[in-house]
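Tertiary structure, described
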Amino acid sequence: MQRVFLFIAGGFEEVEAITPLDYLRRCGADLTLVGVGAKIIRSSRGLAVTCDLALSELIGDGADAKKNAEQLAADTVLAILPGGLPNSRTLSESTDLRFFITETAKHGGFVAAICAAPALALGEWGLLDGKQFTCYPGMGEDLSTKPVTGARVIRDGQFITACGAGAAEEFAFALADALYGEKKLAELKSSIVAR
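An account of the accompanying structure is given in this report. Bear in mind the structure is a predicted one, so any value in this text is a computation, not a measurement.

With that settled, consider the nonpolar core. In terms of nonpolar packing, the biggest core is built from 36 residues, with Ile-8, Leu-24, Leu-78 and Ile-80 touching the most fellow members. Elements supplying a minimum of two residues to this core: strand 1 (3-8), helix 1 (14-26), strand 2 (31-35), strand 6 (76-81), strand 7 (110-114), strand 9 (159-162), helix 7 (168-180) and helix 8 (182-191). Ranked by residue count, the leading element in this core is helix 7, at seven residues. Apart from the residues lying within four places of it in its own chain, the contact partners of Leu-78 are Arg-3, Val-4, Phe-5, Leu-24, Phe-110, Val-111, Ala-112, Leu-175 and Leu-179. Formed by 35 residues, the second largest nonpolar core is a distinct cluster that contains Leu-55, Ala-73, Ala-105 and Phe-133.

The next thing to look at is the sheet that holds strand 1. In spatial order, the strands read 5-2-1-6-7-9-8; together these seven strands make up an open sheet with mixed pairing. Single-partner strands in this sheet number two, and they are strand 5 (53-54) and strand 8 (153-156). Where helix 5 (residues 95-106) meets the sheet, its contacts fall on strand 1, strand 6, strand 7 and strand 9, and the angle it forms with strand 6 comes to roughly 135°.

Definitions and cut-offs
- Residues numbered from 1 in each chain as written.
- Predicted model: local features only at pLDDT ≥ 70, side-chain atom pairs only at ≥ 80, totals over all residues.
- Heavy atoms only, no water.
- Core = buried A, V, L, I, M, F, W, Y, C linked by side-chain atoms within 4.5 Å.
- Buried < 20%, exposed > 50% of the residue type's maximum accessible area, 1.4 Å probe, protein only.
- Helix = DSSP H or I, 4+ residues; strand = E, 2+ residues; numbered from the N terminus.
- Contact = heavy atoms within 4.5 Å.
- Pairing = 2+ DSSP bridges.
- Axes fitted to C-alpha atoms, helices over the stretch in contact; angles between N-to-C directions.

The following block contains the structure:
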């Protein structure tokens, strides 16, 4: 089974998480919303969201967590990290999430991040070294590979990044296109009356 995961922690940006979740589920994705640190997560604007699972429920804990994460990552076609603060820092600091995302990339799955998450998580983990990517303006300047200035959404191989909340719909479209192709993307756009 090919799985899609969207990971959030406290202080996530609503539109950056909910838009991809909504659009990909409309396309038929088996998307699981995962809370890092808890199952009920509060957004940057105070919205309380009940996740399908907490990360600890997804991969377990103790000696089996790493093995479970590796097996699950092998079946993951897409892992998504929305931005916002402190969300992006919390995601970056999670060693279990870092391992899962790294394994997903190693197994060929798509890895996507928007706003601060490309710089603070993927960039700090070294996953964007030598890749073209974008992130929230002014972030990522301390990384060995610098972000592309002014870009809204960039796909470089299996990595898809976007600049911020204003690009959430374009980001979600890029994810749908990567997973399902142009025909399914056109159907999605038609069904939501996209511009």
